[in-house]
Each structure stands twice: as structure tokens, then as C-alpha cells.
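One letter stands for each residue in the lines below.
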Amino acid sequence: MLDRTALLSSEFLPAEFLSSDDQSRPFSEQSGISPNAGSHTRLRVLVVDDERLIAETVAAILNVNGFEAVEAFNGEDALEAAHKLQPEIVLSDVLMPKMSGVELGIRIRQEFPETKIFLFSGQAATSELMRKAQADGYAIELFPKPIHPEDLIAKLRGL
Amino acid sequence: MLGPLEDVLSKRKPSLPPEDVRQIETVHRNGLRLLKLVNTLLDFSRIEAGRIQALYRPVDLAARTAELASVFRSAMDRAGLNYKIHCEPLPKPVYVDIDMWEKIVLNLLSNAFKFTLQGTVELTLSSVDGQAELSVRDTGTGISESELPRVFERFHRIEGASGRTHEGTGIGLALVDELVRLHGGTVQAQSKIGVGTTFTVRIPFGASHLPADRIATDDRQAENTLGAAPFVQEALRWLPGGPSGEEQLVKDLANEDLAPLLGQKQAAGADRPTVLLADDNRDMREYVQRLLGRKYNVTAVEDGARAMAAALANPPDLVLTDVMMPRMDGFDLLRSLRDNAATAAVPVIMLSARAGEESESEGLEAGADDYLVKPFTARELLARVGSHISMHQLRRELTSKEHQLRTKAEKAEQQHRAILESISEGFIFVDRDWYVRYANEQVAALGNVPLSSILGKTLWEAFPGIENASFVPAYREAMATGRVTHHEDFYEPSRRWIHANAYPSPDGLSIFAQDVTERRVQQEKLLLTEKLAATGRLAATIAHEINNPLESVLNLIYLARTSPAQMSKIREYLQTAEKELNRVSHIARHTLGFYRETSIASDIDLPALIEEVLTVYDSRLRASSIVIVRDVAIVPAVRALRGELHQVFSNLISNAIDAMRDGGQLKISIREPERGHDVGLLVAVEDTGIGIPQENIPRLFEPFFTTKPSAGTGLGLWVVSQFVASWGGTIKVSSNTDSEKQGTTFTIFLPRVAAPDQKKKPQPRLM
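Computed from a predicted model, the values in this text were never measured in an experiment.

### Brief notes about the overall build of chain A
Consideration 1: Of the regular secondary structure elements, chain A holds eight helices and five strands.
Consideration 2: Counted from the first residue to the last, chain A has its helices and strands arranged as α-α-α-β-α-β-α-β-α-β-α-β-α.
Consideration 3: A buried classification covers 52% of the 159 residues belonging to chain A.
Consideration 4: Residue pairs at least 24 apart in sequence account for 67% of intrachain contacts in chain A once pairs closer than 6 positions are excluded.

### What to know about the overall build of chain B
Consideration 1: Secondary structure assignment for chain B yields 24 helices and 24 strands.
Consideration 2: Burial statistics for chain B: of 767 residues in total, 49% are counted as buried.
Consideration 3: Excluding contacts between residues fewer than 6 apart, the proportion of contacts in chain B whose partners are at least 24 apart in sequence is 66%.

### Regarding empty space enclosed by the protein
Residue and element names in this part refer to chain B.
Consideration 1: What the rule picks out here adds up to five cavities of 30 Å³ or more.
Consideration 2: Reported here for the largest cavity is a volume of approximately 190 Å³.
Consideration 3: Lining the largest cavity are 13 residues, and of these F463, I466, Y475, I498 and A513 sit closest to its centre.
Consideration 4: Listing elements by their share of the lining of the largest cavity, those giving two or more residues are α16 (441-447), α18 (471-481) and β17 (508-515).
Consideration 5: Residue contributions to the lining of the largest cavity peak at three residues, all from α16.
Consideration 6: Classifying every residue of the lining of the largest cavity by side-chain character gives 12 nonpolar, one polar and no charged.

### Re unusual backbone geometry
Consideration 1: The backbone of D129(B) sits at a positive phi, close to 55°, despite the residue not being glycine.
Consideration 2: Checked against the element boundaries, D129(B) lands in the loop between β4 (120-128) and β5 (131-138).

### Quick notes on the confidence of the model for chain B
Any segment with low pLDDT has predicted coordinates that should not be analysed in fine detail.
All names here are of chain B.
Consideration 1: With 74% of its residues at a pLDDT of 70 or more, chain B has an overall mean of 77.
Consideration 2: Predicted confidence for residues 221-226 stays below pLDDT 50, and this span has 16 contacts to residues more than four positions away or in other chains.
Consideration 3: Within the model, the stretch residues 242-266 combines pLDDT values under 50 with 70 contacts to residues more than four positions away or in other chains.
Consideration 4: Of the two predicted TM-score estimates for the complex, the pTM is 0.37 and the ipTM is 0.71.

### As for the sheet that holds strand β9 (residues 297-301) of chain B
Remark on secondary structure: sheet strands pair via backbone hydrogen bonds, oriented parallel or antiparallel.
All names here are of chain B.
Consideration 1: Strands sit in the order β9-β8-β10-β11-β12 across an open sheet of five strands; the sheet is parallel. At either margin of the open sheet sits one strand with a lone partner, and together these are β9 and β12 (370-373). The average angle at which neighbouring strand axes cross in this sheet is 20°, direction not considered.
Consideration 2: When strand β8 (residues 274-278) meets β9, the two strands line up parallel, connected through five bridges. The residue of β9 that forms the bridge with T274 is N297.
Consideration 3: Along the sheet face, helix α11 (residues 282-292) touches β8, β9 and β10 (318-322) and points at about 170° away from the line of β9.
Consideration 4: Lying over the sheet, helix α12 (residues 304-313) contacts β8 and β9, oriented at roughly 160° with respect to β8.

### As for helix α23 (residues 642-659) of chain B
Consideration 1: Taking 1.5 Å of rise per residue, the 18 residues of α23(B) would be expected to cover 26 Å, and the 26 Å separating its terminal C-alpha atoms lies within 8% of that figure.
Consideration 2: In terms of residue burial, α23(B) counts as a mostly covered element, since 16 of its 18 residues are buried.

### Here's the deal with the sheet that holds β5(B)
Residues and elements named next belong to chain B.
Consideration 1: With mixed pairing, the five strands of this open sheet are ordered in space as β2-β4-β5-β7-β6. In this open sheet, the two strands that pair with only one neighbour each are β2 (82-87) and β6 (186-192). Between one strand and the next, the sheet's axes are offset by a mean angle of 15°, whatever the strand orientation.
Consideration 2: On top of the sheet, helix α4 (residues 61-70) reaches β2, β4 and β5; it is set at about 165° to β2, its chief contact.

### Overview of the side chain of S735(B)
Residue and element names in this part refer to chain B.
Consideration 1: Looking at the element boundaries, S735 is found in strand β23 (residues 730-736).
Consideration 2: Among the polar contacts listed, one links the side chain of S735 to the backbone oxygen of G743, at a separation of 3.3 Å.
Consideration 3: Looking at S735, its side chain comes within polar contact range of the side chain of T744, at 2.8 Å.

### Considering the packing of α4(B) against helix α6 (residues 98-115) of chain B
All names here are of chain B.
Consideration 1: Packing of α4 against α6 leaves a shortest axis separation of 10 Å and a crossing angle of 50°. The angle between α4 and α6 falls in the class oblique. Here the hand of the crossing between α4 and α6 comes out right-handed. Contact with α4, carried on its side by L61, R64, T65, L68 and A69, involves I98, W101, E102, V105, L106 and L109 of α6 and no other residues of that element.

### Some words on the side chain of T744(B)
Consideration 1: The topology assignment puts T744(B) in strand β24 (residues 743-751).
Consideration 2: Residue contacts for T744(B): discarding those within four places in its chain leaves V685(B), E686(B), D687(B), G691(B), I692(B), V733(B), S734(B) and S735(B).

### What to know about the pattern of salt bridges
Consideration 1: For the structure shown, the criterion picks out 23 salt bridges over all chains.
Consideration 2: For R52(A), the salt bridge identified is with E56(A), shortest N-O distance 4.0 Å. One end of the pair, R52(A), and the other, E56(A), are both in helix α4 (residues 52-64), four residues apart, so they sit about a helical turn from each other.
Consideration 3: Residue R52(A) is classed as partly exposed on the basis of its relative accessible area, which comes to 28%.
Consideration 4: Put simply, R495(B) and E492(B) hold a salt bridge, and the shortest N to O gap is 2.4 Å.
Consideration 5: For E492(B), a relative accessible area of 46% translates into the label partly exposed.
Consideration 6: Each member of the salt-bridge network shares a partner with another, and the members are D49(A), D93(A) and K145(A).

### A word on the packing of aromatic side chains
Residue and element names in this part refer to chain B.
Consideration 1: Applying the stated rule across the entire model yields 10 aromatic pairs over all chains.
Consideration 2: For the ring pair F463 and Y491, a centre distance of 6.4 Å and an interplane angle of 75° mean the geometry is edge-to-face. Of this pair, F463 sits in the loop between α17 (459-462) and α18 while Y491 sits in strand β15 (residues 485-491), and the two are 28 residues apart along the sequence.
Consideration 3: Its relative accessible area of 8% is what places F463 among the buried residues.
Consideration 4: Its relative accessible area of 5% is what places Y491 among the buried residues.
Consideration 5: When the centroid spacing of 6.1 Å and the interplanar angle of 20° are considered together, the rings of F471 and Y475 count as stacked. Residue F471 and its partner Y475 are located together in helix α18, separated by four residues, close to a single helical turn.
Consideration 6: Owing to a relative accessible area of 2%, F471 belongs among the buried residues under this scheme.
Consideration 7: Judged by its relative accessible area of 6%, Y475 falls in the buried class.
Consideration 8: Feature note: the residues F427, Y438, Y503 and F512 constitute an aromatic cluster, connected by ring pairs.

Criteria and cut-off values
Residues numbered from 1 in each chain as written. Chains lettered and ligands numbered in written order. Predicted model: local features only at pLDDT ≥ 70, side-chain atom pairs only at ≥ 80, totals over all residues. Heavy atoms only, no water. Helix = DSSP H or I, 4+ residues; strand = E, 2+ residues; numbered from the N terminus. Buried < 20%, exposed > 50% of the residue type's maximum accessible area, 1.4 Å probe, protein only. Contact = heavy atoms within 4.5 Å. 1 Å grid on protein atoms, 1.4 Å probe; cavity = no way out; pocket = protein on both sides within 12 Å on 5 of 7 lines; lining within 4 Å. Points joined across faces, edges and corners; volume = space filled by probe spheres on them. Nonpolar A, V, L, I, M, F, W, Y, C, P; charged D, E, K, R; others polar. pLDDT = per-residue confidence, 0-100. Pairing = 2+ DSSP bridges. Axes fitted to C-alpha atoms, helices over the stretch in contact; angles between N-to-C directions. Expected span 1.5 Å × (residues − 1). Polar contact = N/O pair within 3.5 Å; in protein donor to acceptor, adjacent residues only side chain to side chain. Parallel < 35°, antiparallel > 145°, perpendicular 65-115°, else oblique. Left-handed = near helix turned anticlockwise from the far one by under 90°. Salt bridge = Lys/Arg side-chain N within 4 Å of Asp/Glu carboxyl O. Phe/Tyr/Trp six-rings, centres within 6.5 Å; stacked < 30°, edge-to-face > 60°.

Here you go:
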């Protein structure tokens, strides 16, 4: 069994990811792609996944494709980041410790009713959580993992 | 002195050790000798004191003497002597005191017997010169001329004479002399060493020579030859082998020591038990008749044919028969009695002079109830006759009662039968030797055999192939331990699943058998469905574990592809992607293993397998912040089906995760049981979750029982229990819902070999 803590530790990431002082935004800042800073058209996206690598790579991809993306690795941090970022879109994994993506989505929706929520999940088991949320009146869209970055970008742009 | 000894001897068999019996018999014998001596001396002193009151009667001396003499017949015969009795009817009556005459005759015969080792003893009574003459001639050792004049002296014993015994008081002949003189007669002895001795007694006819006041005219036929007993008894003791039956009878009668056996003399009448005696020997008939006549109605006949006729005319309570008889011998009589319904149950005791175990077993084999070898004692005869008659009466009584009881029992049995036939279950009763004593139609149907082919056979014969099913050990256990057993297995010959409950009793085993094939088919279906569902759920779990790294890989490749940055960065993206792909392949390799061939048992490292299961649930464990604690010993491999083990521990771990929504600790313990216990592994899955309420625990392993209606199917733990049972293992659960120490522990005992029989489907044991 692989040690996931080791996998997610800094040595597995490209060095440039870690050169930034701002650990919350390593990819977008260091990817070498100029972000379209200040543009009103740039959608603010909060990317949440307890798999750091996913959160970081997704945020990096979005940042080079005209979004302003920020990543968070759990629900609590995500709520805090949302207050700073005021995201138009929250993209979150479903299965996370302490606070699931569904819970996070509901909390975000309550605080930022305009914010769109996208969940992505690697397994169908989350459908139970989804049904529950929908039954409670929360329209949450679910993407399956893995989703190809181009498809994700197209989905987000299509909003 | 002798009375108590008799008492002891008559009760001896069960209570006394043989050595003590022999000693008491010796004392008894010497006691009898002393008694005889004392009595004789008393006779003398009475005679001399003139106190003996002789009473002279006219007696048929020939008949009387012949009868007396015959008492010695068997002793003489047994000694191999040629014993001749000639008693001619006398022309005139002879007046004698019967008791005294007895003593005269018997002393002379006793003396002749004692000193005649071979040859002849001849008693003759005849009329000679107007007198009755009794002579007793023997071919014995003889008496020397010097001794001859002194033989009638009191206490004179001839030294060196070779006789049967050195016992002797030297008083017998002196008494004879005295008694003869009292009768106005004379006694003489003639003898020659090596040739023999003759004693001659002469008594005048008539009564003119006797005192008139001592003459009795009544014709008292005194109690026959009772006084003969001590003489014959004594004579017989001189023979190797001891006294024979008939003499003993006389003696016993005389001494009246048989009172306990004879009991109260019963008045003759129809109420008395009847004994039929068949013996061609007149003496024997008379003695036995006299002995048994006090208590029983005795019919005596002289051969088997007459006995059979008498038995048919009036079936007796007992038949005593000699073996050797003219016309119809004892064995033929026995067969005829047994062949006839009216007499078949009558006890038969065979009497025979043929000694030896051979003839005894011959008699018993022929169907006699008992066998008495002559010589037998009166005690023996009375005891055996008494016991057989009372047994016979008891049997007759029981038979009539048994008929009532049987009627009752049959009625009850019919009711039970009706019940047993009407129940839907098969019922079978086997005795302790496994013979089928009762079976109903349902059993026949279950076994797919006709009912008629079951009854009277052993269980194994009745149900061929049962040995291959696991019922047999369960039945044997029930029979051996007296404990009820429940068992379920597939019975191949009828292709049915049978659930059997075996109830032991002192008489055997009652088995109730139920066809549970339908239920089993449903269970099998359910199990299969659940297996597929579990597989599906597991696939979803695994999918998550695979899809996450794939997502990362896709992103990294996209970044590498679209990045304008320098090659070194691109290479780093790709290296990270490669690591993620390695992760995917690791998970695939370890978690999808159980999808491979699962019907072949293999040696499995259980700790490693449980690690694989934990890998599958890694995301859920992390998502629920569950800490894993391992307490895993170094344990040997178990032989099992990988897929089954995987499913069991997946279900348990998944359950534990469900119970710990708000985090907690999952502890996995694996160890071998304490020494002396079963060979296998003990695995505990312990969570600190919400716990199971006590009232739910008994239903925990029931299919469709769930406390998580929105999430669970209620099959998880049922599947676990089914598999564990099929391995021959056990599962225990303990749970606590108190907030302080809440949590649930499942403990599984997994046998070293946990693979079920390949031919059969898993067979749950009801727990």
C-alpha cells in the first residue's frame, strides 16, 4: 500500500509548485502562464479536493484558461477562502473528511446564493448524498471523475 | 447348635464367602455325628434306666425292612456295590418297635457299607426255625477271630480294619445287640478276614415273649423311614462326592431343617400349585412326592408319555422330569410340552443322574428351564421348584396384565401414530443399535425410498448415502451424549436439503426431518444476488480509488501538453503523472485480485488480505477520519477462498465505517487461539462507533435485518455469517451503546482450513 501522505508531500510535486510563499495558489502563480488579471470576464473558481494534487492541477489548468482559480484542501478552508474570493463557481470533491462536498455546497449556497456549485466524484456511491441534497431542494451538478480538463473548461465556460 | 448352622447354610449363597461355607459345613457334619452319638448313648442310658418305652406292634416286617433297606440303594449303587435285598413275606406277624427295628437294620447296613469296599452287600429277611431271621452279609474286610467276640462291646473298635472311613464310635453294634435283646432275639456275627462278614438277627414270631403292657394293637404306620436319615447321610459322606439327592431328601426331611423352604404346610386343595413329576424310579417318585407334597399338589407318573397326557389333561405349574425314562424320555417330553400351546409356558426342571456340564447344557439347550443333577439336595430342589413356580405364576400374572397394558399402549400408540402421520415433518425412530423402529410416510418421501424398505433396517441401510452427508456425526453425537442436535445438510439420493432435529432417549433416537430445499434455494439465490451486489459496491469503492489518481494524471498530462514552459517542467509534470499511474496500478493489482478465479481455495496470508480490504476503503476511512490500529501477530496462512474472505472483511470494515460517521478508531486484531484450542485464527474487527442496541443483537445475522434503512440492504452481516458458518468457523458480536465505551466488536474464529467442500454449496449451521 502506498503511503498517501508521502505521495502528497512536497517531494512528489515539481519544485516550482513549492517556490511560492503562497501555498494556497502555487499552480496559478508559478505555471508560467500569465493570468488574465483584473479582467471582469475572469470567472472566480474555488477548487476543493482533499487530494491536494487534484486541487492544485485543476486550479492551475483553470488559471491558464482564463479563470481565476483558488484551491482548498478541505471544507473548512474552502469556506474561509470563499469569503476572500467571493467565487462565482465552487468545484468540489464529494468524499472528504469532516465536511463532505455536499455539505460544503449547501453551506456555500446558503452564504452565496449566486454561486454555482459543481461536485465531482470518483464513485457512484455519492449518488445517495446527491439524492438527499436534491430532495432538500439543492440543485447540485455532479461530474464524474476523471473528467478531461478540456471537458471541464468547456462545462465551466458554458455557464 | 445345628439349627442356627442350618439357617446360615440355607442362606449362604449370596452372603457367605465359599471358605466360610466349607467351614460351616464341616462343623455341621461333625455336629451331626455328635448328635448321632449322643442320641445313641441316650438310647443306651434310657434302655439301662428302663426308661426307654419300647412299644411292640405287629408289623409287616418284610415290607418294612425292604423299604428301609432301599434307602441305602443309591449309596450302594454309587459305591459300585452289588446290593441285594431279599425280603420274603413272613408267615406270621413279628412284633417290633419300629424305631428300634430301624436302628437295627440301618446300623447293620451302615456297618456293612462302611467295611465293604467292593463286592456285595446282601440283606435277607426270611423265616427260619419259627423265627424271623434278618441277615446282612457283606464281602468286606472281615473281622479276625480274636476280635469277633468283642464286636458287640460298647466303644470297641477294630484297629486296622480297612473301611471307607476311620470315623466311628464303636457303639453301633453294641446298640444293635441291646435292641435285639429287647425284642427277645439274638444277634450273631460270622466273619473271615478277606472274605466277609455276616450278621444274623433272629426274633421270635408273635408277642408271647414280650411284656404284655408294651404291646400295641393299633396299626400305626409310622412315619416311614425317617430315622434312616442319619445313617444314609453318614454312609454317603463316606463316598467321594457326598450325599445324593434322594438320601439327602430323607435326611433333610428328618431333620426338619427345610422349614424356610417348605414354608407353612399348605392344606391340600385346588389353590396349591401343581407339580407334575415324571420318574421311572419308584423311590425317587416317593421321596420327591413326600418332599414337595407338603406345599404342592404333586402328580407322579413313571414315564414321559404319561406325563404328557397328564400335562395336557391338566396343565401343571411345573414339570419335574427325569431324563432317562422308558417310552418317552425327558427330552422328548420337553419337546412335546413346548410344542403344545397349552403347556408351552410351563417351566420344566430336568433331573438326571448323568453328571457333568455337558448334559446340563444339553438340557438347557433343549429348552428346559433348569437342570438338576443327581445327587441334588432337598434344599436345592425345593429352592428351584419354588423359584420356578413363583416365576411362572408371576409371568402368568404379568401376561394377563401385559395384555391390558398392551391394549392401552396400542391405543396410545395409534393416537401418536396418527399424529406422527399427520405432521408435515418426517419422523423416524431408531433404537440404540440404529435399527429403524418407526418411520412415517414423510420420511420415506424425503429419502425417496418406499416406507416398507426402511422399517427394521439400520439407518444406514435404510438411507444409503447418508454416510456421505454430515447427519451421521450429529446423530451419533446425540445418541452418545444424550443432547439434542440440530443439523442441516444436502441429502444426495433424494437431492434435497434436510433439516434434522435429533432427540435422544434411553431407548434410542427420535429424528424429525424437514425438507428445507425451497428455503435453501431462496437463500442461495439471495446469497448470489448479494454477492453480486457486494461486488458492485466494492467496484464503486475501487473506482473511486482509481478515478482520483486518473484525474490527477489527466490534469498533469494536459498541463504538460499545453504548457509553454521549458522541458524540465514538462518532464516534472510527466514524472508526477507516472507516479499517479503507478498508484492506480497498485490499487488495481491489490484490490481487484479477488475478482479473479474464486472457486479454488488457496493459502492466504490473512493480514495481507485485510490490508487490501483497508486499501479499498482508504478513501472512506480517511473521509470519516478513522484511525486504524493494528494488533496483528505473525500467523500461519489459512486455506480459503480469497473472494469469500475478502467479502466477509469488506462487509465488517464497511459496517464499522458506517458506524463511525464522526470519526473513531478501527482496530484489527489477528492472532492464533490459545494453545489447546481449535487450529485456526481469531480475527477481531473492533470499532468505536455508535454500537448496536442489545435488542437488535439476536437479529443481527438475519437476512434483511437493518438499522440503516436508507443505506443498508440488511444482507451484509447475514452474508458474513453464512460464509463463516460454511467455513466451520464462528462469529461473535459484542456491542456497547453507552457513550463512554461505545463500539462494536465482531470476533471471527476462522479454521485453518476454511474452504468448504468443493462439491457442495455453503451450508449454514443454525446457531
